[in-house]
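Architecture and fold: a report
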Amino acid sequence: MPAAIIDGKETARKIRAGIGVRAATLRKEGIFPCLAVILAGEDPASLSYVGAKEKALAEAGMESRDIRLPQSVGEGELLSLIDQLNRDPAVHGILVQLPLPRHIREDKVIAAIDPAKDVDGFHPFSVGSLVLGQPGFLPCTPHGVLTLLRELPVPLAGAHAVVVGRSNIVGRPLANLLCRRDINATVTLCHTGTRNLEDICREADILIAAAGKPGLVSGAMVREGAVVIDVGVNRVEDPAAKKGYRLRGDVDFDSVAEKAAYITPVPGGVGPMTIAMLLQNVLIAAEPKN
Ligand code: NAD
């Protein structure tokens, strides 16, 4: 039987509606949740991500402070801007759209963000809290994946989860989340140094592809009845498409859908959840702390 499709768009819509209600309550109390969004340069994919995030914020009744900087902006200038935003009580969250221009050290910039405003969850303090199982902002894409998994009628405790990709923003935090005691999956983290990727993937009850390689996971690599989550968003050339490209995931959808029990589509799977989790973090950042 072909896999059931996990509708990330619909789950994200419901979460965003709930966030909208909570944001309206905050506004009545005189708190206007606000995310500062910093974009340096004009990378087309970054421009479209930033646009989507700001649109979603507005739809949920939250504000964004849109800060566009030239590609040539200096690291010092960016750091002092972050320092200003850290001290601005009207700004609840700070998002620096990655990648930054090559002359700027990303780790330095991320570390400059006040952890209380680190709604992307990339600050070393947030990463450490995640690993230790302590409260802190969870990174949006891994949190979105986990939220989708928790909605399925499939036990996560004891399941073998295979994560393909070890980036700091997706694979590594996701692997850490899944093996936390409250989730209790058994996790294998695969990367470019992994031998026998196909064999390891075939052992997964839950297979998560986050490698940035279009079509990397084929049906032959998937066990019958597995849950397959495709984080990949890759632009592949397509002269027939209006923009000259189309989006393709890391999973070869057609062959995998024949074997999996559940599968996320691209687009419409993990992507919308990432934005919903960002809005959730901004809301949490704006809510009064006691
Ligand atoms: P990245 O390039 O930083 O990391 C990719 C990881 O995959 C690396 O750790 C590498 O070791 C591993 N990898 C690459 N090729 C591999 C192979 N052949 N076999 C095994 N491992 C391999 O990428 P990223 O930032 O983690 O993003 C991964 C994908 O997810 C990209 O397509 C990106 O566009 C997408 N993404 C989607 C969202 C979303 O919201 N849907 C968010 C972030 C990233």
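Everything in this summary refers to the structure shown in the same document. Here the residue numbers are simple positions, counted from 1 along each chain's written sequence. The model is predicted, so local features are restricted to residues of pLDDT at least 70 and side-chain atom pairs to those at 80 or more, both for listing and for counting; the totals for chains, interfaces and linings are taken over all residues. Excluded from the side-chain calculation are hydrogens and water; included are all heavy atoms of the structure.

**With respect to the overall build of the protein**
Helix and strand labels come from DSSP, where a helix needs a run of H or I of at least four residues and a strand needs a run of E of at least two; each type is numbered from the N terminus. Counting secondary structure elements, the protein contains ten helices and eleven strands. Note that the radius of gyration is over C-alpha atoms, with the globule rule given as 2.2 Å times the number of residues to the power 0.38. Compactness check: the protein gives a C-alpha radius of gyration of 19 Å against a globular reference of 19 Å for 290 residues, within 12% of the reference. Projected onto its principal axes, the C-alpha coordinates of the protein cover approximately 55 × 45 × 35 Å. Residue exposure (1.4 Å probe, protein chains only): buried if accessible area is under 20% of the type maximum, exposed if over 50%, otherwise partly exposed. Looking at the protein as a whole, 49% of its 290 residues qualify as buried. Summing over all exposed atoms, the protein offers an accessible surface of approximately 14,100 Å²; the carbon and sulfur share of this is 54%. Only four residue types enter the charge count: Lys and Arg as positive, Asp and Glu as negative, with His and the chain ends excluded. Every charge is mapped to an atom, namely NZ of Lys, CZ of Arg, CG of Asp or CD of Glu. One finds the centroid of the 32 positive side-chain charges in the protein at a distance of 2 Å from the centroid of its 33 negative side-chain charges. Only the protein chains shown count as cover for residues, with accessible areas throughout obtained via the Shrake-Rupley method and a probe of 1.4 Å.

**Some points on the sheet that holds strand 11 (residues 262–263)**
DSSP calls a pair of strands paired once it identifies at least 2 bridges connecting them. Here we have six strands laid out as an open sheet, ordered 1-11-8-7-5-6, and parallel in their pairing. Either end of the sheet is taken by a strand with one partner, and the two such strands are strand 1 (4–5) and strand 6 (186–190).

**Notes on the environment of A175**
In this structure, A175 sits in helix 7 (residues 171–178). According to the relative accessible area criterion, A175 is buried, its value standing at 8%. Each C-alpha atom of the pair A175 and A185 lies 9.2 Å from the other, and the pair is ten residues apart in sequence. The contact definition used throughout considers only heavy atoms, calling two residues in contact when any of these lie within 4.5 Å. In contact with A175, other than residues within four places in its own chain, are V163, V187 and L189.

**Focus on the site of the ligand**
Proximity criterion: a residue is near a molecule or strand once any of its heavy atoms comes within 4 Å of it. Close to the ligand lie 22 residues; R166, S167, V233, N234 and T274 are nearest. Contacts to the ligand include S167, whose side-chain N or O atom sits 2.5 Å from an oxygen atom. N or O atoms within 3.5 Å of each other form a polar contact, as long as, within protein, one can give a hydrogen and the other can take it, and as long as residues adjacent in sequence are counted only when both atoms are side-chain atoms. At 3.1 Å, a side-chain N or O of N234 approaches an oxygen atom of the ligand. Of all the elements, helix 10 (residues 270–286) adds the most residues to the shell around the ligand, at three residues. In terms of residue class, the shell around the ligand is built from ten nonpolar, ten polar and two charged. Only Asp, Glu, Lys and Arg are considered charged, only Ala, Val, Leu, Ile, Met, Phe, Trp, Tyr, Cys and Pro nonpolar, and every remaining residue, Gly among them, polar.

**Quick notes on the sheet that holds strand 3 (residues 63–69)**
Strand-to-strand pairing in sheets goes through backbone hydrogen bonds, with the strands running parallel or antiparallel. Judged by pairing direction, the sheet is parallel, and its three strands sit side by side in the order 3-2-4 without closing on themselves. In this open sheet, the two edge strands, each paired with only one partner strand, are strand 3 and strand 4 (93–96). Averaged over all pairs of adjacent strands, the angle between their axes in this sheet comes to 15 degrees, without regard to strand direction. The sheet contact formed by strand 2 (residues 34–40) and strand 4 spans four bridges and is parallel. Bridging across to strand 4, A36 finds its partner in I94. Each axis is a line fitted through C-alpha atoms, taken for helices only over the stretch in contact, and angles between the N-to-C directions span 0 to 180 degrees. Packed onto the sheet, helix 2 (residues 44–59) meets strand 2, strand 3 and strand 4 and runs at close to 160 degrees relative to strand 3.

**Observations regarding the packing of helix 1 (residues 8–28) against helix 10**
Two quantities define a packed helix pair, namely the angle between the helix axes and the distance between the axes. Two elements in contact, helix 1 and helix 10, have axes separated by 9 Å at closest approach and are oriented at 20 degrees. Classified by the angle their axes make, helix 1 and helix 10 are roughly parallel. The hand of the helix 1/helix 10 crossing is left-handed. Contacts between helix 1 and helix 10 involve G8, K9, T11, A12, I15, R16, I19, R22, A23 and L26 on the former and, on the latter, P272, M273, A276, M277, L279, Q280, L283, I284 and A286. Here roughly perpendicular refers to angles of 65 to 115 degrees, roughly parallel to angles under 35, roughly antiparallel to angles over 145, and oblique to all remaining angles. Each crossing is labelled by how the near helix is turned from the far one, with a counterclockwise turn of less than a right angle marking it left-handed and a clockwise turn marking it right-handed.

**Thoughts on the side chain of R180**
With respect to the secondary-structure elements, R180 resides in the loop between helix 7 and strand 6. A residue is classified by how much of its surface remains accessible, and R180, at 18% relative accessible area, is buried. Among residues more than four places away in sequence, those in contact with R180 are L130, G133 and L138.

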